[in-house]
Amino acid sequence: MTAMPPPPSSPPPAMPPPMGSTGGSQLATWGQRFLAWLIDALIVAVPTIIVLIIGGVLVASTIDTVTGDLGAGGGIGILLYLLTAVAGTVFQFWNIGWRQGETGQSIGKSRIGIAVIRKDGSGYLGGGMGIVRALLHSVLGGFCFLNYLWPLWDDSNQTWTDMIVDTLVVQT
């Protein structure tokens, strides 16, 4: 009797291409990048909206209409707002910063099948540089929305942030 081989495990994430190339990988399109961003945004937005509605109801239902003072439920509603803001921010820095830096993919990018790699093909950014990239995206996107549209006409489909940290977004 022959022993059965173990079932195959899921393959590890694809490694970045060799230095100086995209390894034959196609650059991600602006549409793919947008869909990945939308997924990442909705992961935080949907629970946030639900919590904001609950918090708003708590605050509105406990306001004393004569004095304008908040009851205990109002304080809980405000606390929910603050906790939601902190949790959403921490999650986004983990997902779009750390996770994407370490694996090349945020949750949205993994669903769409694209990844961030170093332009020289030497690997992923790493968690720390992933957070730097996320911060740069926030700052540049906040000052000028053009950062997010730049891949539409750039030959390498890069945002200004990608140019600064020397990354490409490729199809996996």
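Residues numbered from 1 in each chain as written. Predicted model: local features only at pLDDT ≥ 70, side-chain atom pairs only at ≥ 80, totals over all residues. Heavy atoms only, no water.

## Points about the confidence of the model for the protein
Item 1. Confidence in the prediction for the protein averages 84 pLDDT; 78% of positions are at 70 or higher.
Item 2. Under a pLDDT of 50 for its full length, residues 16–21 has, in the predicted model, 20 contacts with residues more than four places off or in other chains. (pLDDT = per-residue confidence, 0-100. Contact = heavy atoms within 4.5 Å.)

## As for the pattern of salt bridges
Item 1. This model, assessed by the stated rule, comprises 2 salt bridges.
Item 2. For arginine 33, the salt bridge identified is with aspartate 162, shortest N-O distance 2.7 Å. Taken together, the residues span a long stretch of sequence, with arginine 33 in helix α1 (residues 30–62) and aspartate 162 in helix α6 (residues 160–165) at a distance of 129 residues.
Item 3. Residues aspartate 162 and arginine 133 are paired through a salt bridge, measuring 2.6 Å at the closest nitrogen-oxygen approach. Here aspartate 162 is found in helix α6, whereas its partner arginine 133 is found in helix α4 (residues 127–143), with 29 residues between them in sequence. Arginine 133 carries the same exposure label as aspartate 162, and that label is buried.
Item 4. When salt bridges with common partners are traced through the structure, they connect Arg33, Arg133 and Asp162 into a single cluster. (Salt bridge = Lys/Arg side-chain N within 4 Å of Asp/Glu carboxyl O. Helix = DSSP H or I, 4+ residues; strand = E, 2+ residues; numbered from the N terminus. Buried < 20%, exposed > 50% of the residue type's maximum accessible area, 1.4 Å probe, protein only.)

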